[in-house]
Amino acid sequence: MYILLNQRTLRVEQYAHLWDAVMNDGNVADIGQLIILLTSFTEGPRYIQEHFQDAMTYVKNYCRSDVFINFTRNPKRIEIQQEIFVGQKPHDRHDLLARMFHQKQNSLMNPIKKAKIGGGVKCSMFTIEWQKRGLPYAQILIWLKDSLHVHRGDGFISSEIPNPQEVPDQLFFALQQSR
């Protein structure tokens, strides 16, 4: 309500790009009253633009990132299944998923930052999104003090087939079929 009632105070007339769009692309009669959302309005266009510009500043100052990590949460993990009530699905407990995701993300990032891979971490940034099935998903960029070379990556990059006792049967069966 504050934003609605204080548009003049927020200097609405200063938003040149919006006025250009109105003047060039749209019929003013169809628009209604213009309300500018602050950058603190999460997922609004100005919020996204501000974070995009922040990310481009990282790229400008540090060049491209050295490490890119996709990180998500498995809803079938024992610690999640133990905490939900009978009849509930994991996506019914966003509070639980968010807390556990944050803990697991910290347990992933702390060793990376402390292990001094590539001479240590210069900086990092991440974005967290919620997938349609209700699970958090992070994309993490890490800039190292010493850039990685292809021949040095084998010492800390690995991939393995999950243990069938720890992974649901359907996923393990799909992995077996893909071999």
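Here we summarise the structure given alongside this text. Treat the numbers as computed from the prediction; the structure is a model and nothing was measured. (Residues numbered from 1 in each chain as written. Predicted model: local features only at pLDDT ≥ 70, side-chain atom pairs only at ≥ 80, totals over all residues. Heavy atoms only, no water.)

Some details on the overall build of the protein
Inference 1: The helix and strand inventory of the protein stands at seven helices and three strands.
Inference 2: The order of α-helices and β-strands along the protein, N terminus first, is α-α-α-α-β-α-α-β-β-α.
Inference 3: The long-range share in the protein, meaning contacts at least 24 apart out of those at least 6 apart in sequence, stands at 55%.
Inference 4: A total of about 13700 Å² of accessible surface is found on the protein, and carbon and sulfur atoms cover 54% of it. (Helix = DSSP H or I, 4+ residues; strand = E, 2+ residues; numbered from the N terminus. Contact = heavy atoms within 4.5 Å. Areas by Shrake-Rupley, 256 points an atom, 1.4 Å probe, with all protein chains shown as cover.)

What about the environment of leucine 4?
Inference 1: With respect to the helices and strands, the residue leucine 4 is situated in helix H1 (residues 2–5).
Inference 2: The class for leucine 4 is partly exposed, based on a relative accessible area of 34%.
Inference 3: In this structure, the C-alpha to C-alpha distance between leucine 4 and isoleucine 36, residues 32 residues apart in sequence, is 8.3 Å. (Buried < 20%, exposed > 50% of the residue type's maximum accessible area, 1.4 Å probe, protein only.)

Quick notes on a nonpolar patch on the surface
Inference 1: There is a patch of nonpolar side chains on the surface, built from Met1, Leu4, Leu5, Ile35, Leu37 and Phe41 and spanning about 610 Å² of accessible area.
Inference 2: With respect to the helices and strands, methionine 1 occurs in the segment before H1.
Inference 3: Methionine 1 gets classed as exposed once you look at its relative accessible area, which sits at 70%. (Patch = residues over 30% accessible without salt bridge, like charges linked within 9 Å, V, L, I, M, F, W, Y side chains within 5 Å. Salt bridge = Lys/Arg side-chain N within 4 Å of Asp/Glu carboxyl O.)

Quick notes on the sheet that holds strand E1 (residues 67–72)
Inference 1: Taken in spatial order, the three strands make up an open sheet running E1-E3-E2, and their pairing is antiparallel. The sheet terminates laterally at E1 and strand E2 (121–130), the two strands that pair on one side only. Mean inter-strand twist for the sheet, computed between neighbouring axes without regard to direction, equals 15°.
Inference 2: Along the sheet face, helix H4 (residues 45–62) touches E2 and strand E3 (136–144) and points at about 155° away from the line of E2. (Pairing = 2+ DSSP bridges. Axes fitted to C-alpha atoms, helices over the stretch in contact; angles between N-to-C directions.)

What about the pattern of salt bridges?
Inference 1: Taken as a whole and judged by the stated rule, the model has four salt bridges.
Inference 2: Here arginine 77 and glutamate 79 are joined by a salt bridge, their closest N and O atoms 3.4 Å apart.
Inference 3: Of the residues examined, arginine 77 reaches a relative accessible area of 36% and is grouped as partly exposed.
Inference 4: You can call glutamate 79 partly exposed: its relative accessible area is 23%.
Inference 5: Glutamate 79 is the partner of lysine 104 in a salt bridge, and the nearest nitrogen-oxygen pair spans 3.8 Å. Separated by 25 residues along the polypeptide, lysine 104 in helix H6 (residues 94–114) and glutamate 79 in helix H5 (residues 78–83) bring together distant segments of the chain.
Inference 6: Using a relative accessible area of 30% as the deciding quantity, one classes lysine 104 as partly exposed.

Remarks on the side chain of arginine 93
Inference 1: Take arginine 93: it is sitting in the loop between H5 and H6.
Inference 2: Given a relative accessible area of 16%, arginine 93 falls into the buried group.
Inference 3: Setting aside residues up to four positions removed in sequence, arginine 93 forms contacts with Glu83, Ile84, Phe85 and Gln88.

Remarks on the nonpolar core
Inference 1: Among the nonpolar cores identified, the biggest contains 11 residues, and these are Val67, Ile69, Phe71, Phe101, Met109, Ile112, Val121, Ala138, Ile140, Ile142 and Leu144.
Inference 2: Elements with a contribution of two residues or more to this core: E1, H6 and E3.
Inference 3: Counting residues per element, this core draws most heavily on E3, which supplies four residues.
Inference 4: Core analysis: the next-biggest nonpolar cluster, separate from the first, contains six residues, Ile80, Ile84, Met100 and Leu135 among them. (Core = buried A, V, L, I, M, F, W, Y, C linked by side-chain atoms within 4.5 Å.)

Points about the pairing of E3
It is a general feature of regular strands that their side chains alternate between the two faces of the sheet.
Inference 1: The buried count for E3 comes to seven of nine residues, which makes it a mostly enclosed element.
Inference 2: Of the pairings in the sheet, the one linking E2 to E3 comprises nine bridges and is antiparallel in character. Its bridge partner lying in E3, tryptophan 130 is registered against proline 136.
Inference 3: Hairpin connection between E2 and E3: a loop of five residues separates the two successive antiparallel strands, and glycine 134 in this loop has a positive phi of roughly 90°.

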